[in-house]
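Geometric and topological summary
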Amino acid sequence: VEDAFGDLGIEEADGLVARIFPNPSNGLLTIEFNDGAEATSIDILDASGRVVLSEIVTEGSARKTLDLTDMADGVYGVRLNAATRTTTSRFVIQR
């Protein structure tokens, strides 16, 4: 869900909920997990679907900021992985 402020929310029926911002990003991307979200890792995917960055999420973390400033401008995917489910969405790097 995209709103006027450029935030992107990811919601899964099983309860994996996060907010990704800013979108578009200048290369610093924050993923904020709601209470009860159980993501174990975050993958950043390029336009062809290849994993270009993978980060482990510490149990109980409410927020993770990724430094993507070395990546080219464009559309990327963010995949949130949990023990029993995976959710993928898109974001833009634009400087």
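Up top you'll find the structure we're talking about.
For every chain, the first residue of the written sequence is number 1, and numbering continues from 1 along that sequence. In keeping with the predicted nature of the model, local features appear solely for residues at pLDDT of at least 70, side-chain atom pairs appear and are counted solely at 80 or more, and the whole-chain, interface and lining totals rest on all residues. Processing note: side-chain calculations cover all non-hydrogen atoms of the structure and skip hydrogens and water entirely.

**Observations concerning the environment of Leu80**
Defined as follows: Put simply, DSSP marks the helices as runs of H or I at least four residues long and the strands as runs of E at least two long, and each gets a number from the N terminus on. Three labels apply to residues, based on accessible area from a 1.4 Å probe with only protein chains included: buried if under 20% of the type maximum, exposed if over 50%, partly exposed otherwise in between.
Residue position: Leu80 is located in strand 7 (residues 74-82). By relative accessible area, which is 0% here, Leu80 ends up buried. Residues Leu80 and Ala18, 62 residues apart in the sequence, show an inter-C-alpha distance of 8.9 Å.

**A short note on the pattern of salt bridges**
Our working rule: Only one rule defines a salt bridge in this text: a Lys or Arg side-chain nitrogen within 4 Å of an Asp or Glu carboxyl oxygen.
Applying the stated criterion across every chain, the model contains 6 salt bridges. Note that Arg63 is salt-bridged to Glu32, the shortest N-O span being 2.3 Å. Of this pair, Arg63 sits in strand 6 (residues 63-67) while Glu32 sits in strand 3 (residues 28-33), and the two are 31 residues apart along the sequence. Overall, the relative accessible area of 47% leaves Arg63 in the partly exposed class. Note that Arg95 is salt-bridged to Asp73, the shortest N-O span being 2.4 Å. Taken together, the residues span a long stretch of sequence, with Arg95 in the segment after strand 8 (86-93) and Asp73 in the loop between strand 6 and strand 7 at a distance of 22 residues. Look at Asp73 and you get partly exposed, because its relative accessible area is 44%. Where salt bridges share partners, they join Arg19, Glu32 and Arg63 into one cluster.

**With respect to the sheet that holds strand 7**
Basically, it comes down to this: Criterion used throughout: strands pair if DSSP finds at least two bridges between them. Axes, fitted as lines to C-alpha atoms, cover a helix only where it is in contact. Angles between the N-to-C directions of the axes lie from 0 to 180 degrees.
Pairing in this open sheet of 4 strands is antiparallel, and the strands run 5-4-7-8 from one edge to the other. Since the sheet does not close on itself, it has two edges, and those belong to strand 5 (51-56) and strand 8, each with one partner. Shown here is a sheet whose adjacent strand axes are inclined to one another by a mean of 20°, direction ignored. Examined bridge by bridge, strand 4 (residues 39-45) and strand 5 share 5 bridges and lie antiparallel to one another. The residue bridging Asp43 from the neighbouring strand is Ser54, located in strand 5.

**Structural notes on the environment of Ala62**
Cut-off, in case you're wondering: The contact rule is simple, with two residues in contact once any of their heavy atoms fall within 4.5 Å.
Assignment of secondary structure puts Ala62 in the loop between strand 5 and strand 6. We classify Ala62 as partly exposed; its relative accessible area is 46%. With 23 residues separating them in the primary sequence, Ala62 and Ala39 have C-alpha atoms 9.9 Å apart. For Ala62, the contacting residues outside a window of four places in its chain are Ile31, Glu32 and Phe33.

**Regarding the side chain of Asp46**
Spelled out, the test is: A 3.5 Å cut-off defines polar contacts: any pair of N or O atoms within that distance qualifies, except that in protein one atom must be a possible hydrogen donor and the other a possible acceptor, and neighbouring residues in sequence count only when both atoms are side-chain atoms.
Looking at the secondary structure, you find Asp46 in the loop between strand 4 and strand 5. For Asp46, a relative accessible area of 13% gives the class buried. Side chain to side chain, Asp46 and Ser48 meet in a polar contact 2.8 Å long. A polar atom in the side chain of Asp46 sits 2.5 Å from the side chain of Arg50. What Asp46 contacts, discounting residues up to four positions off in sequence, is Val52 and Tyr76.

In short, shape yes, function no, at least from these values alone.
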